[in-house]
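Per-entry structural report
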Amino acid sequence: MSGAIKTDAADETREKTLDPETLSRLDEVLGEYRSKPGALIPVLQIAQGMIGYLPEVVLKRISVGLGKPYSEVAGVVGFYSFFTTMPRGTHLVRVCLGTACYVRGGKQVLDALKDELGIDVGETTPDGEFSLEVGRCFGACGLAPTIMIDDDVLQRVKPSRIRGILDVYRENDKGE
Amino acid sequence: MPKVTIDNRTVDIPEGTTILEAARLAGVSIPTLCYLEGVQTMGACRVCLVEIEGAKNLVASCVTPVSDGMKVNTKSRRVRNARRTVVELLLSDHEGDCRTCDRSGSCELQSLAEDLGIREIHHQGEKHAAVTDYTTPALVRDTGKCILCRRCVSVCNEIQGVGALFPQDRGFDTVVGPAFSKSLDEVVCVQCGQCSAVCPVGAISEKDEVQEVWGVLDDPEKFVVVQTAPAIRAALGECFGYPPGTLVTGKMVRALRLLGFDRVFDTEFAADLTIMEEGTELLVRLKKALVEKEEVALPQFTSCCPAWIKYVEHFHPELLANISSCKSPQQMFGAVTKTYFADQIGKRPEDITVVSIMPCTAKKYENKRPEMYDSSVQDVDIVLTTRELGRLIKESGIDFTLLDEDVMDDPLGRCSTGAADVFANTGGVMEAALRTAYEIVTGEPLPFDGLHIEPIAGLDGVKEAEVRITKTVPEWAFLKGKTLKVAVAHGLANAKRVIRKIQSGESRYHFVEVMACPGGCIGGGGQPRFTTNEIRKKRIDAIYKEDEKKTLRKSHENPEVIRLYEEFLGEPLGERSHHLLHTSYDARSRV
C-alpha cells in the first residue's frame with residue numbers, strides 16, 4: 001500500500017475545465033484564511049465541499065495561497081481518510097472496519113460490495129454512481145456491522161442484503 | 001534549579017531542560033536516531049526511552065522536561081530491553097545491505113545495533129516497498145532504508161524553508177518524501193543536500209560520481225584538470241581520522257597529483273576573480289543609483305550558491321534582478337580553464353575535462369545547468385563532494401596520513417589570496433568583497449582588525465554590518481560620507497527573514513550575502529558527516545587560519561588574476577567577462 005495515494009492522472013485537462021467561478025470562490029476562501037493559524041484543514045474541507053474532491057490544481061493553489069509547502073498539503077490530505085484526490089460517484093459507500101464491525105463480518109460486507117459494484121476500495125463505478133471507501137467506526141458499534149451511504153448509517157448489514165440496499169439508491173436516481 | 005538524579009548521579013539542571021540534554025550535561029549518553037540539536041526534538045524514533053522512578057511507562061527522554069527530584073534510570077533492564085526491541089523493529093523494516101551501503105561505517109543505525117550487541121532480529125514481518133529516486137543530478141533517495149526519523153523533513157522545512165519533503169500517508173504506509181510520491185525533480189527542491197547531511201542512515205546521499213572520475217583519469221587521451229573549493233581543505237582530513245578543523249591543503253594536493261590529475265588548480269583563483277567582477281558590479285549599481293539616479297535593483301545579492309539561486313527562482317522570482325549576474329567560482333573556473341588556459345596549452349575546450357571537488361551537492365546540479373556551456377562545451381564536467389574525494393583516495397590505496405605536502409599549479413592554482421579562502425565561511429564572501437571594494441573606493445585597507453569584519457562572522461543566522469566611507473579616491477567621490485550597509489544570512493529560512501525585512505521596508509541594505517547551508521560552505525551538504533555547530537566552528541577557524549597565513553589577502557592583489565585581465569579578459573564587466581563569467585536566471589514554478 002506504500003505510496004498508494006495518487007493524484008488524478010487526468011488533472012492536466014481538468015485544470016482547463018475547472019470553472020473560473022469555483023476558482024475565484026476558492027481564492028476568496030484562501031484570502032480569508034491566509035493569516036489564520038491552523039488554516040490548512042478547514043480550507044481543504046471547504047474546497048472538497050465545493051468541488052467534491054481535491055484535484056492537484058486545487059491543492060497547488062491552496063499550497064501557494066496559504067504559503068504551505070506542497071509536500072505538507074499532500075501529507076495532510078493523505079493522512080485523513082476524509083479527504084480524497086479522486087472524483088467520487090453520486091453516492092459514497094463507506095464500510096466500517098473498526099474492531100466491532102470487523103469481528104461481526106464487516107470484511108464480508110466489504111467483499112460483497114466489491115463484487116456487486118465491480119470495483120475496489122478507493123474506486124468509482126464506471127457509470128459514476130457509487131464510490132467505495134472504508135471507515136474506522138461510525139459510532140454504532142452495538143449494531144455492527146455498519147455501512148454508511150452518503151449520510152445514512154445502515155446497521156446490522158448482511159452481505160446477502162447488499163444488492164437490495166443499493167437498488168433503493170439506483171431506483172431513486174432513475175426517478176430523478 | 002531542579003535537582004535531578006540520573007543513573008545515581010545527582011545534578012542541578014536548568015528548568016525546561018529535557019532529560020536527554022540533562023543526561024548529556026551529567027555525562028550520561030542516551031542513544032537517539034531522530035534528535036537533532038537545535039532543530040528537532042519530537043520523540044519519533046523511540047530509541048531514547050528512559051525509566052522515571054514512580055512513572056508507569058517509559059518516556060522518550062528527548063521530549064520530556066526534567067522536574068525537581070526526578071530520578072531517571074537510563075540503563076535499567078526494562079530500558080535496555082525496550083531499546084533493543086525498538087532497534088530490532090527498525091532493523092526489521094530497514095531494507096538495505098550494509099555490505100554495499102555508502103553509509104557503512106558512518107551509519108548511526110548500524111553503529112547503534114553494534115553498540116547494543118544485536119545479533120538477531122526477532123521480529124520478521126511485512127516490509128515497506130522500497131523506491132529509489134535517481135531523478136535529480138545531486139541526490140539519491142532510497143525509501144527502503146528510511147527509518148522515518150524526520151530529520152530531513154525538519155531541516156528542509158525549518159532550516160531551509162523549502163519543504164520538499166514531508167511524511168506522506170499514515171501508519172505503516174508512511175513514506176517520507178515529496179507530495180504524492182512524485183520524484184524529487186518534479187518538486188521544489190534546491191539540491192542543497194542538507195537532508196543527506198543529517199540522515200542517520202543511507203536513505204539520502206549524494207549521487208556518487210567517483211567511477212566517472214576514474215573513467216577520465218584512466219583515459220590517456222583526456223587532459224584532466226581538478227579544482228578544489230576552499231571548504232574542502234578544512235574538512236577532508238575528517239575522512240581520514242583527523243580531528244575537525246585540521247587543514248590538509250598540502251596533503252590534498254599531493255593526493256590529487258598521485259591520483260593522476262594533469263593539473264591541480266584552485267577554485268580560489270576563481271573566487272578572487274568573482275570578487276573582481278561582483279565587487280565592480282556592486283560599485284556600478286551604486287553609481288547608477290546615486291549619481292545617474294537610475295532605477296537599479298538594490299540590494300545586490302551574492303550568487304555563489306546554486307541552492308540559493310534555485311530557491312530565488314522558485315520562491316522569489318521578483319528578486320532575480322537583485323541577484324549578482326556573476327557565475328559562481330566553480331563555473332567561472334570552468335569557463336576560464338576551457339578558454340584562457342586551453343589557449344595557453346594549445347588545446348581545444350573539448351580536449352579538457354574539468355573535475356570539481358566541492359563541499360556541496362547542489363554544485364552537481366549547477367554544472368549541468370544550460371547556462372553553464374559558455375566555453376562552447378560543458379564548462380565543468382564532473383563534480384565530486386568532499387565525501388566522494390575521500391572515497392576516491394581510499395579506493396586508490398593512497399595512505400593519506402603518510403603524504404608529503406605539495407603546492408598547486410600555475411597559473412590557476414598557486415596564487416590564491418586569503419580573501420578566497422574565507423569564501424568557505426558564512427560572511428566570507430562579503431568580507432572578501434569589502435576588502436577589495438573598500439580599497440578600490442578609498443585607496444586604504446578595510447578598517448577592521450586583521451581584515452575580519454567581526455559583526456558578520458560567526459554562526460548567528462542573520463548578521464549585519466555597516467562600513468562608513470569617510471574619504472575616497474577621486475573616481476568614487478560620490479560615495480564620500482556614505483555608509484555601506486550589508487547583511488549576511490546562512491540557512492535559506494534565514495535568507496527568507498532578510499528578504500521579509502527588506503520587502504517590508506524595515507531594513508535597507510546595499511549588499512546581501514546568502515549561503516544555503518548553515519555555517520556556509522564549510523557546513524555544506526557534501527561535507528563529511530556528522531556536522532555539528534562545534535565542528536562548524538572548528539572548520540571556520542581553520543579557514544581563517546589559512547587566510548591569515550597568506551601574504552596576499554585581497555582578491556585584487558592576486559597576480560594571476562591581474563594577468564588574466566591584462567592578457568585575456570580586459571577589464572571587470574568587460575565584453576569577454578560578460579560572455580564567460582556572467583549569466584542570468586529565470587523564474588520557476590513555486591510548487
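This write-up is about the structure you can find in this document. (Residues numbered from 1 in each chain as written. Chains lettered and ligands numbered in written order. Predicted model: local features only at pLDDT ≥ 70, side-chain atom pairs only at ≥ 80, totals over all residues. Heavy atoms only, no water.)

Moving on: empty space enclosed by the protein. Residues and elements named next belong to chain B. One pass over the structure, following the stated rule, counts seven cavities of 30 Å³ or more. Taken together, 29 residues form the lining of the largest cavity, with Cys304, Cys305, Lys363, Phe423 and Cys521 sitting closest to its centre. Listed by contribution, the elements that provide at least two residues to the lining of the largest cavity are helix H8 (267-290), helix H9 (306-315), helix H10 (329-344), helix H11 (362-366) and strand S18 (511-515). In terms of residue count, S18 provides more of the lining of the largest cavity than any other element does, three residues in total. Across the lining of the largest cavity, the residue classes tally to 22 nonpolar, five polar and two charged. Taken together, domain 3 (221-269 + 330-402) and domain 4 (275-325 + 416-524 + 544-581) each give at least three residues to the lining of the largest cavity, which thus spans both. (1 Å grid on protein atoms, 1.4 Å probe; cavity = no way out; pocket = protein on both sides within 12 Å on 5 of 7 lines; lining within 4 Å. Points joined across faces, edges and corners; volume = space filled by probe spheres on them. Helix = DSSP H or I, 4+ residues; strand = E, 2+ residues; numbered from the N terminus. Nonpolar A, V, L, I, M, F, W, Y, C, P; charged D, E, K, R; others polar. Domains from an automatic or database assignment.)

Before going further, it helps to spend a moment on the interface of chain B and chain A. Between chain B and chain A, the contact holds 20 residues from the first and 23 residues from the second. Across the chain B/chain A interface, buried area totals approximately 1,800 Å², and carbon plus sulfur atoms make up 63% of it. The three residues of chain B that bury the most area against chain A are Asp169, Phe180 and Val591 of chain B, which together make up 38% of that side's buried surface. The salt bridge partner of Lys182 of chain B is Glu56 of chain A, with a shortest N-O separation of 2.7 Å. Scanning the region where chain B abuts chain A turns up five residue pairs in polar contact (both at pLDDT 80 or more). Mapped by element, the contributors of at least two residues to the side of chain B that touches chain A are strand S8 (166-168) and strand S9 (175-177) of chain B. Broken down by element, the residue count for the side of chain B that touches chain A peaks at three residues, all from S8 of chain B. (Contact = heavy atoms within 4.5 Å. Buried area = accessible area lost by both parts, 1.4 Å probe. Salt bridge = Lys/Arg side-chain N within 4 Å of Asp/Glu carboxyl O. Polar contact = N/O pair within 3.5 Å; in protein donor to acceptor, adjacent residues only side chain to side chain.)

Time to look at the nonpolar core. Residue and element names in this part refer to chain B. Formed by 125 residues in total, the largest nonpolar core has its most connected members in Leu236, Leu259 and Trp308. Looking at this core, the element that brings in the most residues is H10, giving seven residues. Setting aside anything within four residues of it in sequence, one finds Trp308 in contact with Phe301, Thr302, Ile323, Leu492, Ala495, Ile499, Val514 and Ala516. Residues Ala231, Ile456, Phe478 and Leu479 belong to the second largest nonpolar core, which totals 40 residues. (Core = buried A, V, L, I, M, F, W, Y, C linked by side-chain atoms within 4.5 Å. Buried < 20%, exposed > 50% of the residue type's maximum accessible area, 1.4 Å probe, protein only.)

Residues and elements named next belong to chain B. One open sheet holds the four strands; their spatial order is S12-S11-S14-S15, and the pairing between them is parallel. With one partner strand each, in any of the chains shown, strand S12 (263-266) and strand S15 (382-385) form the two edges of the open sheet. Within this sheet the neighbouring strands show an average axis-to-axis angle of 25°, counted without direction. Bridge count between strand S11 (residues 223-228) and S12: four bridges; the pairing is parallel. By the bridge assignment for S12, Thr228 is matched with Asp266. (Pairing = 2+ DSSP bridges. Axes fitted to C-alpha atoms, helices over the stretch in contact; angles between N-to-C directions.)

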